[in-house]
Amino acid sequence: MYKLKVSNFLKDGVHFGHSISKLNTKMKPYILMKNKGIHIIDLYKTIKKLCLSCNYLNKIATSGKVILFVGTKRQAKNIIAYYAQKINMPYINERWMGGLLTNFSTIQKSIDKMNVIEKNKSLGLYNLISKKERLLISRVHSKLKKNLGTVSQLQVLPDCIIIVDINKDKPAVNEALKLGIPIVGIADTNSNPDQINFPIPGNDDNSKSINLILYYISNAIELGIDLYLKNKNQIQS
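These figures come from a predicted structure and were not determined experimentally. (Residues numbered from 1 in each chain as written. Predicted model: local features only at pLDDT ≥ 70, side-chain atom pairs only at ≥ 80, totals over all residues. Heavy atoms only, no water.)

J.: Could you give an account of the packing of aromatic side chains, naming the residues involved and the relevant values?
T.: Applying the stated criterion across every chain, the model contains 4 aromatic pairs. For the pair Y215 and Y216, a centre-to-centre distance of 5.2 Å together with 70 degrees between the ring planes defines the contact as edge-to-face. For Y215, a relative accessible area of 38% puts it in the partly exposed group. Aromatic ring contacts, followed pair by pair, group F9, Y215 and Y216 into a single cluster. (Phe/Tyr/Trp six-rings, centres within 6.5 Å; stacked < 30°, edge-to-face > 60°. Buried < 20%, exposed > 50% of the residue type's maximum accessible area, 1.4 Å probe, protein only.)

Following this line, the structure appears as structure tokens:
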């Protein structure tokens, strides 16, 4: 299904791990060698794991499942937003709000509150209240928008989470594990691949590396969505 070339992964620096001193020993099976003080990731194993992840994501997307993208580090923010929006999936690229998954019902109330503010604003209802009240509401809305704006359409818990840096976004990993939500994530040489369901050995600090991996992931999901919609239309007709 996926024809991935090692040369593309080399060009985008997917093979560059962290310095030797930062090694998580659980990543040893995915390391090819050491070079100038850093570990080099075996790209053949990266590609194998990426294909497994893409096959899984394609399968659940074909079933109409919801997939949440998470990437709050600077190098990943814009990339996460681009690919998630491209396939109309929710994403988090700012701070992870604690309890987003484990306390979803309460978080949903905040999302509803944000949506009500936006609806009332579009209807011009805030022109009927004082300037001070408008300012207070605006501040509340700005805070909600920053933390929850990208998941405002998330009406149910996601069926899977894609995480760029499983160390940086450890809170997201912990909540997903607690609820048994499958995780697909990039596993750099300083991380523990055993804590997630579908680890993809690779450089999680370089924007080109992140972009290449998410390109294949989003394509797999998009193909699944297309098939889901096609099947749905056939049933309805």
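J.: So, the packing of helix 4 (residues 104-122) against helix 5 (residues 131-148): which residues are in play, and what are the values?
T.: At a minimum axis separation of 10 Å, helix 4 and helix 5 run at an interaxial angle of 125 degrees. The pairing of helix 4 with helix 5 is recorded here as oblique in orientation. Relative to helix 5, helix 4 is oriented so that their crossing is left-handed. Within the contact between the two elements, helix 4 uses I107, S110, I111, K113, M114, I117 and E118 and helix 5 uses I137, V140, H141, L144, K145 and L148. In terms of residue class, the contact of helix 4 with helix 5 is made up of 8 nonpolar, 2 polar and 3 charged. (Axes fitted to C-alpha atoms, helices over the stretch in contact; angles between N-to-C directions. Helix = DSSP H or I, 4+ residues; strand = E, 2+ residues; numbered from the N terminus. Parallel < 35°, antiparallel > 145°, perpendicular 65-115°, else oblique. Left-handed = near helix turned anticlockwise from the far one by under 90°. Contact = heavy atoms within 4.5 Å. Nonpolar A, V, L, I, M, F, W, Y, C, P; charged D, E, K, R; others polar.)

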